[in-house]
Amino acid sequence: MIDLSTTYMGLQLKNPVVASSSPLCDSVEKICLLEDHGIAAVVLPSLFEEQLILESESVDSDLSRGADAFVESSTFFPELADYNLGPEGYLELIRGAKKSVSIPVIASLNGVTSGGWVRYAREMEQAGADAIELNIYSLVTDPSRTAAEVEKDYCALVRKLRENLRIPIAVKLSHFFSAIANFASHIDTSGANALVLFNRFYQPDLDINQMEVVPSLTLSHPSELLLRLHWAAVIYGHISADIAVTGGVHRAEDVLKSVMAGAHVAMMTSALLQNGVAHLDTVLSGIVQWMEEHEYQSINQMRGSMSQRNVPDPATYERANYMRVISSYALRSPIR
Ligand SMILES: Cc1cc2nc3c(=O)[nH]c(=O)nc-3n(C[C@H](O)[C@H](O)[C@H](O)COP(=O)(O)O)c2cc1C
């Protein structure tokens, strides 16, 4: 009997496939459907800091960036109002989901500063959220702000929430850090129970006919998984927080690769939006089939087996890989 179960931040999951934060999880009905098709946990769509700032009467004046965010939020709020249910509706969604499903329900907060987050994160905890995922989506465009300052702020935010919450905290990171392994360990020691690798950024496109900068959202491609596998494999064993992979997980083999790189869970959104929630049946049965064929008994048994510390040649995860890849291409493809 194949054992697909895993833990994630101390939560018991029946398998390693989690629905990442998106409108796929924005109603109790959709969450029930995901559970029916075997999803092990759901992350609710993010509640945005701007929504909390607008609602809150007291913007945290210690945090000057909070004030900037407030100005921006009045412009963005109309779209946000359509995106999810707003702060009160969000708590209702948590309560409703907790009543209706038995899988863990993870709430998600998206922002940059701590204004309003702590109080609201506590309310999410009280509403029954099993954990909170922080999507710290900061695009630093100010040339005077240093990488060290940005990283320090992230860690302070995680520490502040850790001090105020009992439930586990996951931190969804971007890959735009110059020393990811070092930063991951700081987030870990600041109190994160999981690192979610990695956020996808949605760069705006340029409409050269209308001379406009236009929002653009494309769903992911499985090739995006490689970046996540690389860093999961590198940091596995160096931090005590669990690792979640998000970005490019489309097929059973993507889940298996994520676990072998070192992840406790692999998260999906694009594949489910593209193929429908029933795609989960194919993914889960594909995992079981592969494990049977390769005589694995459990997910836990394979975790980290292809991490940097467990492969025979750890240099494949470093500069050596780059040189090998470049030279192998030149050798097999003469320039025409
Ligand atoms: C329509 C849509 C909405 C999303 N909303 C959120 C969100 O509110 N918060 C968040 O952290 N990630 C959000 N994401 C990102 C996903 O959670 C996920 O990390 C990303 O799509 C990469 O995974 P995938 O390759 O499985 O799609 C969203 C993605 C999509 C496509």
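Calculation notes
Residues numbered from 1 in each chain as written. Predicted model: local features only at pLDDT ≥ 70, side-chain atom pairs only at ≥ 80, totals over all residues. Heavy atoms only, no water. Helix = DSSP H or I, 4+ residues; strand = E, 2+ residues; numbered from the N terminus. Buried < 20%, exposed > 50% of the residue type's maximum accessible area, 1.4 Å probe, protein only. Contact = heavy atoms within 4.5 Å. Areas by Shrake-Rupley, 256 points an atom, 1.4 Å probe, with all protein chains shown as cover. Near = heavy atom within 4 Å. Polar contact = N/O pair within 3.5 Å; in protein donor to acceptor, adjacent residues only side chain to side chain. Nonpolar A, V, L, I, M, F, W, Y, C, P; charged D, E, K, R; others polar. Salt bridge = Lys/Arg side-chain N within 4 Å of Asp/Glu carboxyl O. Phe/Tyr/Trp six-rings, centres within 6.5 Å; stacked < 30°, edge-to-face > 60°. Expected span 1.5 Å × (residues − 1). Pairing = 2+ DSSP bridges. Right-handed = clockwise from strand over helix to strand, strands pointing away.

Draft legend 1. Region of interest: the overall build of the protein chain. Regarding its fold elements, the protein chain presents 13 helices and 13 strands. For the protein chain, with 336 residues in total, the buried portion stands at 50%. The long-range share in the protein chain, meaning contacts at least 24 apart out of those at least 6 apart in sequence, stands at 70%. Of the roughly 16,500 Å² of accessible surface on the protein chain, a fraction of 54% belongs to carbon and sulfur atoms.

Draft legend 2. Spotlight on the site of the ligand. What surrounds the ligand is a group of 21 residues, the closest being Ser-21, Ser-46, Asn-135, Ser-220 and Ser-270. In this structure, Ser-21 approaches the ligand through a main-chain N or O atom, which is 2.6 Å from an oxygen atom. Contacts to the ligand include Ser-46, whose side-chain N or O atom sits 2.6 Å from a nitrogen atom. For the ligand, whose unbound accessible area comes to 610 Å², protein coverage reaches 92%. Every element with two or more residues in the shell around the ligand is listed here: β13 (265-268) and α10 (270-275). A breakdown of the residues in the shell around the ligand according to their chemical character gives eight nonpolar, eleven polar and two charged.

Draft legend 3. Geometry of the environment of Gln-289. As for its placement among the helices and strands, Gln-289 is situated in helix α11 (residues 279-293). Note on Gln-289: relative accessible area 45%, which makes it partly exposed.

Draft legend 4. Structural detail: the pattern of salt bridges. In this structure the tally under the stated criterion is ten salt bridges. Ionic pairing is found between Lys-30 and Asp-26, a salt bridge with its closest N-O pair at 2.8 Å. Linking Asp-254 and Arg-251 is a salt bridge whose minimum nitrogen-to-oxygen distance equals 2.9 Å. Taking the relative accessible area as the measure of exposure, Asp-254 reaches 0% and is therefore buried. By relative accessible area, which is 37% here, Arg-251 ends up partly exposed. Here the residues in one salt-bridge network are Arg-251, Glu-253, Asp-254 and Lys-257, joined through shared partners.

Draft legend 5. How the structure looks around the packing of aromatic side chains. One pass over the full model with this rule turns up four aromatic pairs. Ring geometry for Tyr-154 versus Phe-183: centroids 5.6 Å apart, planes at 65°, classification edge-to-face. Pair noted here: Tyr-154 is in helix α6 (residues 147-164) and Phe-183 is in helix α7 (residues 180-189), with a separation of 29 residues, a long-range link. Both residues of the pair, Tyr-154 and Phe-183, count as buried. Through a chain of ring-to-ring contacts, three or more aromatic side chains come together here, namely Tyr-154, Phe-177 and Phe-183.

Draft legend 6. Helix α4 (residues 86-100), seen in detail. Taking 1.5 Å per residue, 15 residues should reach 21 Å; α4 reaches 21 Å between its end C-alpha atoms and fits that length. For α4, the set of buried residues is Gly-86, Pro-87, Tyr-90, Leu-91, Leu-93, Ile-94, Gly-96 and Ala-97.

Draft legend 7. Local environment of the pairing of strand β8 (residues 169-173). Across the five residues of β8, five count as buried, placing the element largely inside the fold. Pairing analysis gives four bridges linking strand β7 (residues 131-136) to β8, with the strands arranged parallel. The residue bridging Glu-133 from the neighbouring strand is Ala-170, located in β8. Viewed along the sheet, the connection from β7 through α6 into β8 turns out right-handed. Sheet analysis places β8 next to strand β9 (residues 194-197), joined by four bridges and oriented parallel. When the sheet's bridge partners are listed, Ala-170 is paired in β9 with Ala-194.

Draft legend 8. Inspection of the pairing of β7 at higher detail. Of all six residues that make up β7, six are buried, and the element is covered over most of its length. Burial along β7 is two-sided: Ala-131, Glu-133 and Asn-135 and Ile-132, Leu-134 and Ile-136, pointing in opposite directions, are all buried. The pairing of strand β6 (residues 105-111) with β7 spans six bridges and is classified as parallel. The residue bridging Ser-108 from the neighbouring strand is Glu-133, located in β7.

Draft legend 9. Main features of the side chain of Ser-307. The topology assignment puts Ser-307 in the loop between α12 (299-302) and α13 (319-332). Ser-307 gets classed as buried once you look at its relative accessible area, which sits at 0%. Not counting residues within four places of it along the chain, the set of residues in contact with Ser-307 comprises Ala-233, Tyr-236, Met-260, Ala-261 and Tyr-317.

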